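# Structure assessment
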Amino acid sequence: MIAEVIVDVSAYPIDRPFDYVVPEEMRSVIECGARVKVPFGPRKVVGYVTRLKQETDLANSKMKAIDELLDLEPVLSTELLAIAKIVARETLSYEIDALQVMLPAAMRAKYEKFITIVEPDAIIDEDLRNLMQGRTRIPLKQVTSSSLLKMIKNYVAQGIITVDNSVSQQTKVKKVRMIHIEDSSTLASLLDTIPSNAKKQIQLIQWMKDHAGKSMEASKVIEASGVQQAVLKTVIEKGAATESHEETYRDPGVSQLQEAQIPYELTEEQQLALDKVNAASTTNKAETFLLHGITGSGKTEVYLQAISHVLKQGKEAIVLVPEISLTPQMTARFQARFGGLVAVMHSGLSAGEKYDEWRKIHRKEVKVVVGARSAIFAPFENVGIIILDEEHESTYKQEDTPRYHARDVAIWRSESFHCPVVLGSATPSLESYARASKGVYTLLQLSKRAKNQQLPAVSVVDMREELKEGNRSMFSRQLADAMHIRLEKNEQIVLFLNKRGFSSFVLCRDCGTVVECPNCDISLTYHRANESLKCHYCGHEEKVPLVCPQCESEHIRFFGTGTQKAEEEIAKLFPTARVLRMDVDTTRQKGAHERILRQFSEGKADILLGTQMIAKGLDFPNITLVGVLAADTTLHLADFRAAEKTFQLMTQVSGRAGRHELAGEVFIQTYSPEHYAIELSKSQHYEPFYQLEMTARKQYGYPPFFYITLIQFSHEDLMKVVAFADKGTTFLKGSLSPETIVIGPAAAAISRVNNRYRYQCLIKYKKEPKLIDTLQQLIKMYRTDWIKEGLLMSVDVDPSTIY
DNA sequence: AGCACGCCGACT
DNA sequence: GTCGGCGTGCTC
């Protein structure tokens, strides 16, 4: 028997299956999708079995045998193996990368070199003896001094020391010590043998008699009986109980926010949508739905009931949410409805916790997974429905290899399982809405709010007028007045600002110099907390200059507005208001999101001030006012999705107000009130925005009218990057169809990051059968020659941003 | 990607 | 003379 193995080496010539002989003893147990340890060249690596066969063209003499079978139960189903092939092909990534992305990071192999002393007596050196401390095998990386390293090399040559490579897994299954208490008669007779001065032992056995025959965790026994660890140990040795180590799951802690468990009564629209989705799941139809529902229209309830429906058929459900730690309310709702059947997967979990959640899915102990992007690869084998909430979110596109889009993977998987996909959004991506309009997806509309509340009244405030009237503050008079009223009424306010930090940049008013990052072509951001300037691209940090570095003028000051600056201004204007700030700086700690949101939900603050992350999912009854401090920030980005992003953001943020009994009001402050993305977010009407934006996309040749692929080049040397970008672009132009448009090369919007110059080239096409092939050739040239000259090149099919 | 093999300069 | 620099080529 021969196994085709994809080995854990990300390199161009290695990106193909290698044949290995399956040793006799593995033949009855080995399966596709299992991990194996194999010899590869002079070393050992982990690989994935992708096929088992009897024949090979390869000379028998070349073939080696599998070293070790790592999984008796395969970690990847044949379905996921097939999906990995599709992902690798469509995103032009290595198959091994596509396979690895499907598994929790904790399962990835760890490679470490070790040195082993074969002849301890031959080692005379004092330093080496000290380092070894009597051990015969230590990791090579513990040897730090170069003189010792040299010496070891010598010993290796003489055969006194050997170097070996260990391939281990980072995976650790958490074990707990369980105590199994004997029956009461055993305990009673044991009690007679305990000397009367051993009071603690007697106390423990007495306690055990009340719990005779039971099994419980050692820590619980110690806590409940009130004795020390040592006493327990002695008593066990005397035969009062037995102990064992059992597997357990780490407890990531369930969100505190709870919701009603009973399904809500559906509105007519919701029921209609649900019926259509249920019909598809009942008849095993791979149909993609676009559930377009305005904010507060109760999309989640439709998801929940559609999931109930598939669970009743004995199938599983995958639910994707943009980034789950942002919406603890969402998870809480799923857990309240489906209880222990839910696994949660998001970036806030530790590697061990993720691994445990993965194992619950793999063992089919849960039926529903709620998670961020990578949860699309949940190892279920009988999926009945896949849901992507907020389908327009760009976080569904992975920004590094494999650059897959969860929406695409969802549709591929739905075809394997013959199950429906539900894409839900109040502001669908133009691509999805266009597909729904063409009938590729089935459009489901929810046009009314579920509890029949009014949409909030949205006002657009022209900040140019404010400036003219002499108001230089970042709060317009209208917004400030509205805030005063809410504060008096003890209602809550959400303020949205799309920028963290204190202010966007530092500018000299005499010579116009903006302080820029020395490594990147971007201005630095002022951070109040440590009086520093930070680069958000490379992490460069420096002290705030007191005088202009160019002209030495003292008239150097901060411009623009960040969340920290806003917080300060609020303190000045509304001294009594209690403010919570939520941005990447205040939420870096684990659980900080939940803590801030809980504080706000418990009414411990009047104002929640935050960036992007507060736009989604907040659902608190007492929020009646939403203010967008600067709507323009996303509008003028050099990206074709800028208008769409702005409209989506405005609509999402506005949707936070007045979701319950109290009516909501929204103020959008902007310097471009006439822009259609802002103008139309006032009414929250998606359709007119869609029509206008489609006209613009058509005119400029962007998605959904054209597909796009972005090639990025970067090099430390400006001349070299230009030369390579030119070479690449010329090649593409010559190889692709004449109808395909190749734009560039041009300098990227941020033309230098981390001291590397960046150029890019954009391919636009409606139909390009040669695309994948041509890109493969380009990548081959890069991998074989260009990379050696220090060039970095990336290919992004269907990029989320070209900026 | 790693790792071994192999062919030329500066040191004990 | 040897140590070690990194160019070249291979991995079932």
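Note that this is a predicted model, so its numbers are computed, not measured. (Residues numbered from 1 in each chain as written. Chains lettered and ligands numbered in written order. Predicted model: local features only at pLDDT ≥ 70, side-chain atom pairs only at ≥ 80, totals over all residues. Heavy atoms only, no water.)

This part covers the protein's contact with DNA strand B. As a structural note, the neighbourhood of DNA strand B is formed by Val 9, Ser 10, Ala 11, Ile 14, Pro 42, Arg 43, Lys 113 and Asn 165. Between DNA strand B and Arg 43, the relevant distance is 3.4 Å, taken from a base nitrogen to a side-chain nitrogen or oxygen of the residue. (Near = heavy atom within 4 Å. Polar contact = N/O pair within 3.5 Å; in protein donor to acceptor, adjacent residues only side chain to side chain.)

Residues annotated in UniProt with the feature "binding site: Zn(2+) 2" (unreviewed entry) correspond here to Cys 517, Cys 520, Cys 535 and Cys 538. Spatial clustering of the annotated residues is evident: they stretch over 22 residues in sequence, but the largest pairwise C-alpha distance comes to 8.7 Å. Here Cys 517 is to be found in the loop between strand S22 (505-508) and strand S23 (525-527). We classify Cys 517 as buried; its relative accessible area is 3%. Leave out the neighbours within four places in its chain, and Cys 517 touches Ile 522, Leu 524, Cys 535, Cys 538, His 540 and Arg 752. Cys 535 sits in the buried class, given a relative accessible area of 4%. (UniProt positions renumbered as here; feature names shortened; annotations may be inferred. Helix = DSSP H or I, 4+ residues; strand = E, 2+ residues; numbered from the N terminus. Buried < 20%, exposed > 50% of the residue type's maximum accessible area, 1.4 Å probe, protein only. Contact = heavy atoms within 4.5 Å.)

The UniProt record annotates "binding site: Zn(2+) 1" (unreviewed entry) at Cys 508, Cys 511, Cys 548 and Cys 551. In three dimensions, the annotated residues from a span of 44 residues occupy one location, with a maximal C-alpha spread of 8.6 Å. Take Cys 508: it is sitting in strand S22. With respect to the helices, strands and loops of the structure, Cys 548 is situated in the loop between strand S25 (541-543) and strand S26 (556-559).

Neighbouring residues of DNA strand C: 14 residues in total, closest Arg 16, Asp 19, Gly 41, Lys 64 and Lys 150. At a separation of 3.1 Å, a phosphate oxygen of DNA strand C approaches a polar backbone atom of Pro 39. Backbone polar atom of Gly 41 to a sugar or linking oxygen of DNA strand C: 3.0 Å apart, as the coordinates give it. For the surface near DNA strand C, the elements supplying multiple residues, two or more each, are strand S2 (18-21) and strand S3 (35-40). Considering every element that reaches the surface near DNA strand C, the biggest residue donor is S2, with three residues. Taken together, the residues of the surface near DNA strand C sort by class into eight nonpolar, one polar and five charged. (Nonpolar A, V, L, I, M, F, W, Y, C, P; charged D, E, K, R; others polar.)

Within the open sheet, the four strands sit side by side as S32-S33-S31-S34. Their pairing is antiparallel. Both outer strands of the open sheet, strand S32 (741-753) and strand S34 (792-797), are each paired with one neighbouring strand and no more. Ignoring which end each strand starts from, the neighbouring axes of this sheet average 20° apart. Sheet topology places S32 next to strand S33 (residues 756-765); seven bridges connect them, and they run antiparallel. Paired with Arg 752 across the strands is Tyr 757, a residue of S33. Together, strand S31 (707-715), S32 and S33 form the strand contacts of helix H22 (residues 718-735), whose direction differs from that of S33 by roughly 15°. (Pairing = 2+ DSSP bridges. Axes fitted to C-alpha atoms, helices over the stretch in contact; angles between N-to-C directions.)

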